[in-house]
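Architecture at a glance
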Amino acid sequence: MKITEHIKNANGKTLFSFELIPPLKGHSIQGIYDAIDPLMEFKPPFIDVTSLREDFIYKEHPNGLLEKLSYRKRPGTIAICAAIMNKYKVDTVPHLLCGGFTKDETENGLVDLQFLGIENVLVLRGDARRGDASFVPTSNGHNYATDLLQQVVNMNNGVYLHEQHSDENLRTDFCIGIAGYPEKHFEAPNLKTDFKYLKQKVDMGANFIVTQMFFDNQRYFDFVNNCRANGINVPIIPGLKPITGSKQLTGLAKTFHIDMPEDLSDAVHACKSEKEVKELGIEWMINQCKELMAFGVPVLHFYTMSNPGPTKKIAEAIF
């Protein structure tokens, strides 16, 4: 079922969902199941599975020379999605990235998803490789999320890279999600420009928005109101993550280009142990979620980083 259908069928009730990271290459899928099992009691209608682009590693040869190699540490997004659907009978949302994939690889991946009965995708540009000063597209890949979005929309209309199908049975039918940034994408010069490109994506055919994490609900409320004022009327799903350690106060802000509320920062600094910080982070997120549910959000979507414990405690308090 499509994400938009899950939201419609909920009749205004806030749903619960979460996101997982594929295990490191060579690790068992049991780690994925261990991250899912504690959260299934909250009946998630869908689960997201991230995709990570390749990084560069250096291999030293016997002669002392270093060879630069491209290496993907966490493959398996499509297979994990299929395994989750088979085991838990819930929908999955694989992330599609520009970085690390050619246009042909993207098309073949979308064909695989269609064959597997996976109806939803989240379209993202993706991050720069570690060591790259800025995002560098893959050769014969996409440079912008709008380009990747257009490829998915084209396939929904029967237009493939090397052929075109008029038969509706040969068209894909993906429900397409995109990212939204309540505090502005860090590369956008201003909020107005950010909204211009977000509106462009929705006009192109995006069906729902999932936001970057935030710790001040007013940022989300303002974002939703600005979206509606700009004619963006698709569901806007808040992305959430509790602080679970003191280092995350600066680490999350730096990595995801978000602001931490002064009250939260002061409270973390006042904690006397990491256990207190974790408890504070969970309590802060519980209060956030209650306020978001009162606002009428369609889904509370948690970035679990494949660690279900904190999310389970939050869900127990609000669902």
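Residues numbered from 1 in each chain as written. Predicted model: local features only at pLDDT ≥ 70, side-chain atom pairs only at ≥ 80, totals over all residues. Heavy atoms only, no water.

In the contact formed by helix H3 (residues 77-88) and helix H4 (residues 103-116), the axes pass within 11 Å of each other and the chain directions differ by 10°. Taken together, H3 and H4 sit at an angle that is classed as roughly parallel. Each of Ile78, Ala82 and Met85 in H3 lies in contact with H4, whose residues at this interface are Gly109, Asp112, Leu113 and Leu116. Of the residues belonging to the contact of H3 with H4, the class tally is 5 nonpolar, 1 polar and 1 charged. (Axes fitted to C-alpha atoms, helices over the stretch in contact; angles between N-to-C directions. Helix = DSSP H or I, 4+ residues; strand = E, 2+ residues; numbered from the N terminus. Parallel < 35°, antiparallel > 145°, perpendicular 65-115°, else oblique. Contact = heavy atoms within 4.5 Å. Nonpolar A, V, L, I, M, F, W, Y, C, P; charged D, E, K, R; others polar.)

All right, on to the packing of aromatic side chains then. Counted under the stated rule, the structure contains 10 aromatic pairs. Each ring, one from phenylalanine 214 and one from tyrosine 220, has its centre 5.5 Å from the other, and the planes form 10°; the classification is stacked. There is no split in this pair, since phenylalanine 214 and tyrosine 220 are both buried. An aromatic cluster is built from Phe16, Phe18, Phe42, Phe302 and Phe319, whose rings are joined through pairwise contacts. The side chain of lysine 87 reaches across the aromatic face of tyrosine 88, ending 5.6 Å from its centre. For lysine 196, the ring lying beneath its charged end belongs to tyrosine 197, and the centroid distance is 4.9 Å. (Phe/Tyr/Trp six-rings, centres within 6.5 Å; stacked < 30°, edge-to-face > 60°. Buried < 20%, exposed > 50% of the residue type's maximum accessible area, 1.4 Å probe, protein only. Lys NZ or Arg CZ within 6 Å of the ring centre and 35° of its normal.)

In total, this model carries 1 cavity of 30 Å³ or more according to the counting rule given. Estimated volume of the largest cavity: approximately 40 Å³. The wall of the largest cavity is formed by Ile3, Phe46, Asp48, Val93, Phe208, Val210, Ile237 and His301. Looking at the lining of the largest cavity, the elements that each hand over two or more residues are strand S2 (46-49) and strand S8 (208-211). (1 Å grid on protein atoms, 1.4 Å probe; cavity = no way out; pocket = protein on both sides within 12 Å on 5 of 7 lines; lining within 4 Å. Points joined across faces, edges and corners; volume = space filled by probe spheres on them.)

Next up on the list: the nonpolar core. Among the nonpolar cores identified, the biggest contains 91 residues, and Ile84, Val121, Ile209, Phe215 and Phe302 are the most heavily contacted of them. Of all the elements, helix H10 (residues 274-295) adds the most residues to this core, at 7 residues. Setting aside its immediate chain neighbours within four residues, phenylalanine 215 contacts Lys241, Ile243, Leu252, Ile258, Met260, Pro261, Leu264, Trp284, Met285 and Gln288. (Core = buried A, V, L, I, M, F, W, Y, C linked by side-chain atoms within 4.5 Å.)

As a further point, take the side chain of histidine 301. Among the secondary structure elements, histidine 301 is positioned in strand S11 (residues 299-303). Residue histidine 301 is classed as buried on the basis of its relative accessible area of 1%. Separated by 2.6 Å, the side chains of histidine 301 and serine 17 make a polar contact. (Polar contact = N/O pair within 3.5 Å; in protein donor to acceptor, adjacent residues only side chain to side chain.)

Turning our eyes to something else, we now look at the pattern of salt bridges. Within this structure, the stated rule accounts for 8 salt bridges. The closest approach of N and O atoms between glutamate 183 and arginine 219, which form a salt bridge, is 3.3 Å. Of the two residues, glutamate 183 sits in the loop between strand S7 (175-180) and helix H6 (191-204) while arginine 219 sits in helix H7 (residues 217-229), which places them 36 residues apart along the sequence. Note on glutamate 183: relative accessible area 16%, which makes it buried. (Salt bridge = Lys/Arg side-chain N within 4 Å of Asp/Glu carboxyl O.)

One non-glycine residue, asparagine 140, lies in positive phi territory at about 60°. Inspection of the secondary structure assignment puts asparagine 140 in the loop between strand S6 (120-124) and helix H5 (145-156). Positive phi, close to 80°, is recorded for lysine 184, a residue that is not glycine. Within the element layout of this structure, lysine 184 appears in the loop between S7 and H6. Classification of lysine 184 by relative accessible area gives partly exposed; the value is 21%.

That is the geometry; function is a separate question.
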